[in-house]
Amino acid sequence: MRHRYFKICLILPFLFLVSCVSEEPIKTLYVSTNTSENANGSEELPFSSVEEAIEEASELRRLNPELPIAIKLKPGDYYVSHAITITPDLNGLKITGTSAKEVRIKGSEILKPAWIPFNENILVSSVPEHLDFDQLVVNGKPQILARYPNYDEDAHYWNGSAADAISKEKVASWSNPKGAYFHALHGGKWGGFHYTITGVNDQGEAILEGGQQNNRGSRPHVEFRMVENVFEELDSPGEWYLDKASHKLYYWPEANTNLESATIEVAVLKDLIQVVGTLENPVKDVELSGISFQHTKRTFMEHYEPLLRSDWSIYRGSVVFFEGTENCTVKNNEFVHLGGNVIMASKYNKGLQVIGNHIHDNGATAVAFVGDPSAVRSPSFNYGQFVDLKDIDTLAGPKNELYPRACVVDNNLIYRIGRIEKQTAGVEIAMAMDITVSHNSIYDVPRAGINIGDGTWGGHILEFNDVFNTVLETHDHGSFNSWGRDRFWHPKRGVMDSITTQIPDMYTWDAVKTTIIRNNRFRCDHGWDVDLDDGSSNYHIYNNLMLNSGLKLREGFNRVAENNIMVNNSLHPHVWFANSEDVFKYNIVGNAYQDVGLLGWGKELDYNLFPNEESMMKSQIYDRDLHSAYGDPQFKDPEHLDFTVAETSPALKLGFKNFPMDQFGVQKPELKQLAKTPEVPVIKDPSENTSSPVVAWLRNQLKSVDSPQEQSAYGLNSAEGVIVLRIWKPSPAVQNGGIKKGDVILKAAGQPVKTVQDFFRINVEHPGDEMDLVVMRNQTETPIKIRTN
């Protein structure tokens, strides 16, 4: 023992000496807009540009590959001449500004026009021939590229849309439409299309080039259209137009703009920072902080690639771009007035952290994680495409390492993104694994706040986010939106039923890890609060507050939704598989389930609190919710968005547990102070309703007769029965001479029907595929036979 102790005593001091010797002091390079001669990057003689500092850092690393280097930016505006590229030879580099309020990196140039009058309102100036820009910024405010119809901040689509945007009559009024941009929503409002007008054909119609921005194409929407970059449409203050042939800039200044003292900038770069390595030689530990990134060109006409079978296509580029990186950080920055995607992790990225940033008023997506399709086994790239089962790779998980994983988006304030591109999100995830999105406030966006494009490969955690005022310009989405058109999914439902019956766990080949959605607050007034669309599988959804439009679970497998609150709304189970294994329990809902075309009612639906007996009994017809209850959940302070339930709430007796109501959204103090919160919903109290609620049954809308007025209108002997308010034509109860709109159900299976509760109770007592009814139709009692399955 004495010998071993003696050896340790000798070794430990040596290791301490080696450790001390190997730690070199950080070499700090300073940059300032106040230039000086003989600049060497010291604090006293700082470099005048970021490019100089990067060049010096590369040279220092060439001489000493282990030297720690930091670049410090002093207050000022830094106009970069080209995108700054950071490669593996600069591992560990930190670029830090004094604060995002003081330090700005810009993709623009300062323009000093020599204005002369063109007419009473418009000025004109020559510009340097090398300039090609699509953003003009005056005193920090982006101006409006000449457009039709005129810009209206409060207009619903495109800040102003018109069906005749490129009508023959409109096109004929332009002397030279070549180079104009035509923007239109997708025919189903699933995103936007963008085109360049290249000329006019013999019929007087605009010749369009583009429209590649959606993965499920359609004709441009006939109504929601806008055109810009047309000289004749320069007809209101704040608008401008660049004649690229003559190199002349035309501008109608806003009132009270002093152009003699104004700072005028034009965007010339589409990206600012490119952090690029490879899987074999990644860029590591780069940090960007305390900087405002501003003024880049729009990218809607760049090359787009489909994101598997999701509805999305995307431009694989961004203002700050990461590919082949490990443990890089973007924190405490501002990103504003940028033309395209803001931050993207492309292909291999591990451990990227996006923390505490203020991201607003930008052209496309805020933060995107996009893997390489080569990592996907048997990929398909459009809704209608598929790989035949006999040819599918049957191994689970990714095929290679070219995808983002273990990345974090935390404590960011994101709003007013997608200002030009509509198929965008606050956070987009596609072909990635283990992405954590937490404590972000995301609102005022044209589409989803958070979007997951596929099941590959799950493991994501979405928690404590505040996502609202979404789907403002699109349709059929949610504040959260996802797809799962993975290997098991097939565009023909019958084929997919056969495949998933044959291989019930096939969804786990791609969705290998469970995605967790917990402790978030969602509100969507134009879709669903949470929308798990085609095939989304392997989700655990709990402790979420959904303020308006409920939870949609379309065909998929193994979704467990528990302990959620759905204000004024409910579960929307759409076209479930017979063996979906879905679970819905311990939830508080504000309405009956809104089911569509189910082959089965999941593994377990029970212990839920409904607002009234009618809504609860609907699912009991199918032997679900047998232990559920109905009544007032007794929310403590809903007027202040506190939906904690009181100790006497019947929900607690069912197993519901309160969860925190004060942790949603960004928590960083300076950003939390700026962040909005969602509109408080007006709670529909069933006990105060003066009329019976409308309840969906086999996708038909029913309600109890409850007034003398209804008794008179339908010619009834008493104010009793169930009114068929609306039918769904494919419903089995409608087919072959079944129920019609305006019928009043008086009897079912020979028993009197006074209320919806009676009708549902009779359904439970008489299971089977058919049922005899007596309905009041055209004020005549009429016997009919309906199918119930």
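These numbers were taken from a predicted model, which means no experiment stands behind them.

A. A look at the overall build of the protein. Across its full length, the protein carries 9 helices and 65 strands. Taking 789 residues into account, the globule formula puts the C-alpha radius of gyration at 28 Å, and the protein, at 30 Å, falls close to it. Reported as C-alpha extents along the three principal axes, the dimensions of the protein are approximately 100 × 100 × 55 Å. Looking at the protein as a whole, 57% of its 789 residues are labelled buried. Contacts in the protein between residues at least 24 apart in sequence constitute 66% of all its contacts with a sequence separation of at least 6. Accessible surface, the protein: about 32500 Å² in total, of which carbon and sulfur atoms supply 50%.

B. Highlighting the nonpolar core. Judged by nonpolar contacts, the single largest core of 107 residues is most densely connected at Phe369 and Trp697. Tallying contributions element by element places helix H2 (residues 50–63) first for this core, with 5 residues. Those residues in contact with Trp697, other than ones at most four positions away along the chain, are Lys618, Ile621, Tyr622, Leu702, Ala733, Ile739, Phe759, Phe760, Asn763, Ile786 and Thr788. Core analysis: the next-biggest nonpolar cluster, separate from the first, contains 27 residues, Phe133, Phe224, Leu259 and Tyr315 among them.

C. Inspection of the packing of aromatic side chains at higher detail. Following the criterion strictly, the structure yields 28 aromatic pairs and no others. With 6.3 Å between their ring centres and 65 degrees between their planes, Phe656 and Phe659 make a pair best called edge-to-face. For the residue pair Phe656 and Phe659, the accessibility class agrees, reading buried in each case. Pairing Phe759 with Phe760 gives two aromatic rings, centres 6.2 Å apart and planes at 40 degrees, and the pair type is tilted. Among the aromatic residues, ring-to-ring pairing joins Phe584, Tyr593, Trp601, Phe610 and Tyr622 into one connected group.

D. A look at the sheet that holds strand S12 (residues 144–145). One open sheet holds the 5 strands; their spatial order is S8-S9-S19-S18-S12, and the pairing between them is mixed. The open sheet has two free edges, formed respectively by strand S8 (116–117) and S12, since each of these has just one partner strand. Note: strand S9 (residues 123–126) against strand S19 (residues 248–251), 4 bridges, orientation antiparallel. Of the residues in S19, the one forming a bridge with Val124 is Tyr250.

E. A look at the pattern of salt bridges. Under the definition given, this model contains 43 salt bridges. A salt bridge links Lys106 to Glu265, with the nearest nitrogen and oxygen atoms 3.0 Å apart. On the criterion of sequence distance, the pair formed by Lys106 in strand S6 (residues 103–106) and Glu265 in strand S20 (residues 264–267) is long-range, its members being 159 residues apart. Taking the relative accessible area as the measure of exposure, Lys106 reaches 5% and is therefore buried. Beyond isolated ion pairs, a larger network of salt bridges with shared partners links Arg216, Asp311, Arg485, Arg493, Asp497, Asp531, Asp533, Asp534, Lys552, Arg554 and Glu555.

F. Up close: the sheet that holds S20. Pairing in this open sheet of 4 strands is antiparallel, and the strands run S7-S20-S10-S11 from one edge to the other. Every interior strand has two partners, whereas the edge strands, strand S7 (108–111) and strand S11 (141–142), have only one. Sheet topology places S7 next to S20; 4 bridges connect them, and they run antiparallel. From the neighbouring strand, Leu111 faces S20, where its bridge partner is Ile264.

G. Broad picture of the environment of Asn201. Mapped onto the elements, Asn201 comes out in the loop between strand S15 (192–200) and strand S16 (206–210). The partly exposed category is assigned to Asn201, whose relative accessible area is 24%. Of note is the side chain of Asn201, whose polar atom sits 2.8 Å from the backbone nitrogen of Glu205.

H. Just the environment of Ile166, in detail. Assignment of secondary structure puts Ile166 in the loop between strand S13 (147–148) and helix H3 (168–172). With a relative accessible area of 14%, Ile166 lands in the buried category. Remark: the alpha-carbon pair of Ile166 and Val227, spanning 61 residues in sequence, is separated by 7.2 Å. Ignoring any residue separated from it by four or fewer positions in sequence, one finds Ile166 in contact with Val171, Trp174, Phe182, Ile197, Leu208, Arg225 and Val227.

I. Examining the confidence of the model for the protein more closely. When the pLDDT values of the protein are averaged, the result is 93; 96% of them are 70 or greater. When pLDDT is averaged over each helix and strand of the protein, the minimum, 41, is found for helix H1 (residues 2–22) and the maximum, 99, for strand S35 (residues 413–415). A low-confidence stretch, residues 1–22 stays under pLDDT 50, and its non-local contacts, those more than four residues away or across chains, total 1 contact.

J. Layout of H2. Taking 1.5 Å of rise per residue, the 14 residues of H2 would be expected to cover 20 Å, and the 20 Å separating its terminal C-alpha atoms lies within 8% of that figure. The complete set of buried residues in H2 reads Val50, Glu51, Ala53, Ile54, Ala57, Leu60 and Arg61. Its buried side turned inward, H2 meets strand S1 (27–31), strand S2 (69–73), strand S3 (76–79), strand S4 (84–86), strand S5 (94–97) and S6.

K. Main features of helix H5 (residues 613–620). The element H5 is largely enclosed, with a buried count of 7 among its 8 residues. The set of residues buried in H5 consists of Glu614, Ser615, Met616, Met617, Lys618, Ser619 and Gln620. Buried positions along H5 lie against strand S55 (609–610), strand S56 (629–630), strand S59 (695–697) and helix H9 (756–765).

L. Broad picture of the pairing of strand S30 (residues 343–350). The element S30 is extensively covered by neighbouring structure, given that 6 of its 8 residues are classed as buried. Two elements, strand S27 (residues 320–326) and S30, share 6 bridges in a ladder whose sense is parallel. For Phe322, the partnering residue across the bridge sits in S30 and is Ala345. Examined bridge by bridge, S30 and strand S33 (residues 367–370) share 4 bridges and lie parallel to one another. Residue pairing in the sheet places Ala345 in a bridge with Phe369 of S33.

M. The arrangement of the side chain of Lys170 in detail. Within the secondary structure, Lys170 is located in helix H3. The exposure class assigned to Lys170 is buried, which follows from its relative accessible area of 16%. In contact with Lys170, other than residues within four places in its own chain, are Tyr148, Asp164, Ala165 and Glu233.

N. Main features of the packing of H5 against H9. Contact pair H5 / H9: the axes reach a minimum separation of 9 Å and the direction vectors enclose 15 degrees. When the axis of H5 is compared with that of H9, the two are roughly parallel. Between H5 and H9 lies a crossing of left-handed hand. Together, Glu613, Glu614, Met617, Lys618 and Gln620 of H5 and Val756, Gln757, Phe760, Arg761 and Val764 of H9 make up the contact between the two elements. Of the residues in the contact of H5 with H9, the class split is 4 nonpolar, 2 polar and 4 charged.

O. Region of the structure containing the state of the cysteines. Throughout the structure, instances matching the rule amount to 0 disulfides. Looking at the unpaired Cys328, the closest cysteine sulfur is the one in Cys407, lying at 9.6 Å.

Reading the values: rules and limits
- Residues numbered from 1 in each chain as written.
- Predicted model: local features only at pLDDT ≥ 70, side-chain atom pairs only at ≥ 80, totals over all residues.
- Heavy atoms only, no water.
- Helix = DSSP H or I, 4+ residues; strand = E, 2+ residues; numbered from the N terminus.
- Rg over C-alpha atoms; globule rule 2.2 N^0.38 Å.
- Buried < 20%, exposed > 50% of the residue type's maximum accessible area, 1.4 Å probe, protein only.
- Contact = heavy atoms within 4.5 Å.
- Areas by Shrake-Rupley, 256 points an atom, 1.4 Å probe, with all protein chains shown as cover.
- Core = buried A, V, L, I, M, F, W, Y, C linked by side-chain atoms within 4.5 Å.
- Phe/Tyr/Trp six-rings, centres within 6.5 Å; stacked < 30°, edge-to-face > 60°.
- Pairing = 2+ DSSP bridges.
- Salt bridge = Lys/Arg side-chain N within 4 Å of Asp/Glu carboxyl O.
- Polar contact = N/O pair within 3.5 Å; in protein donor to acceptor, adjacent residues only side chain to side chain.
- pLDDT = per-residue confidence, 0-100.
- Expected span 1.5 Å × (residues − 1).
- Axes fitted to C-alpha atoms, helices over the stretch in contact; angles between N-to-C directions.
- Parallel < 35°, antiparallel > 145°, perpendicular 65-115°, else oblique.
- Left-handed = near helix turned anticlockwise from the far one by under 90°.
- Nonpolar A, V, L, I, M, F, W, Y, C, P; charged D, E, K, R; others polar.
- Disulfide = S-S within 2.5 Å.

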